[in-house]
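Chain by chain, the residues:
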Amino acid sequence: MACSIVPLSDRPDLLPVVAGWYFQEWGGHVPGLRLLDEQQRLEVFLHGDELPLLLIALDGDVPVAAAQLKFHERTERPERLHWLGSVYVDPAHRGRGLAEKVIAELVVRGRALGVRDIYLQTEADDGGLYRRLGWAPLESVQHAAGMPVRIMVRSVAADPLD
């Protein structure tokens with residue numbers, strides 16, 4: 001599938017779509033959280049091409065996937081600064097490598113902005129997609145909701161020989 005990948009700041013009109021995806025997938029399970037709260041939370045991504053960064057994959061003009069490179073997903077380890085998160089692919093477009101494409105573009109842009117290591121948390125104990133894309137397991141911890149999650153890391157610092 002040929003698609004383009006753009007930052008949310010280039011397409012602010014898509015903020016409600018992405019907020020709806022995130023709210024339906026994760027936010028609706030948080031007591032008291034409203035769709036409007038999710039939309040407001042995403043406003044931090046409406047700036048130029050800098051961190052934090054939310055990228056959207058478009059099939060033509062239709063949004064089909066999104067992911068974020070953000071700061072401090074887990075605050076108990078403040079030295080772990082940059083986090084991949086909120087990787088989402090519209091159900092009708094899953095299985096086409098879109099998550100991998102958006103993640104790869106986030107890594108490239110993050111590296112250009114000086115990011116050296118990117119952390120993530122996943123419910124998949126083996127790391128699944130993320131292990132295939134170069135993330136290595138660090139530890140298992142409890143998510144705020146009480147479920148176990150795996151913390152992983154990937155060094156994305158540019159090779160000095162590049």
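The structure under discussion appears in the preceding block.
This report concerns the structure included in the present document. (Residues numbered from 1 in each chain as written. Predicted model: local features only at pLDDT ≥ 70, side-chain atom pairs only at ≥ 80, totals over all residues. Heavy atoms only, no water.)

## A short note on the nonpolar core
Core analysis: the largest hydrophobic core is formed by 26 residues, its most contacted members being Leu84, Ile103, Ile118, Tyr130 and Trp135. Sorting the residues of this core by element identifies strand E2 (53-59), strand E3 (62-71), strand E4 (82-89), helix H3 (98-112) and strand E5 (117-122) as the ones contributing at least two each. Here the element with the most residues in this core is H3; it accounts for 6 residues. With 15 residues, the next largest nonpolar core counts Leu14, Ala19, Phe45 and Ile56 among its residues. (Core = buried A, V, L, I, M, F, W, Y, C linked by side-chain atoms within 4.5 Å. Buried < 20%, exposed > 50% of the residue type's maximum accessible area, 1.4 Å probe, protein only. Helix = DSSP H or I, 4+ residues; strand = E, 2+ residues; numbered from the N terminus.)

## Things to note about the pairing of E5
With respect to burial, E5 is a largely interior element, 5 of its 6 residues being buried. As judged from the 6 bridges shared by E5 and strand E7 (residues 148-155), these two strands associate in the antiparallel manner. The partner of Ile118 across the bridge, within E7, is Arg154. (Pairing = 2+ DSSP bridges.)

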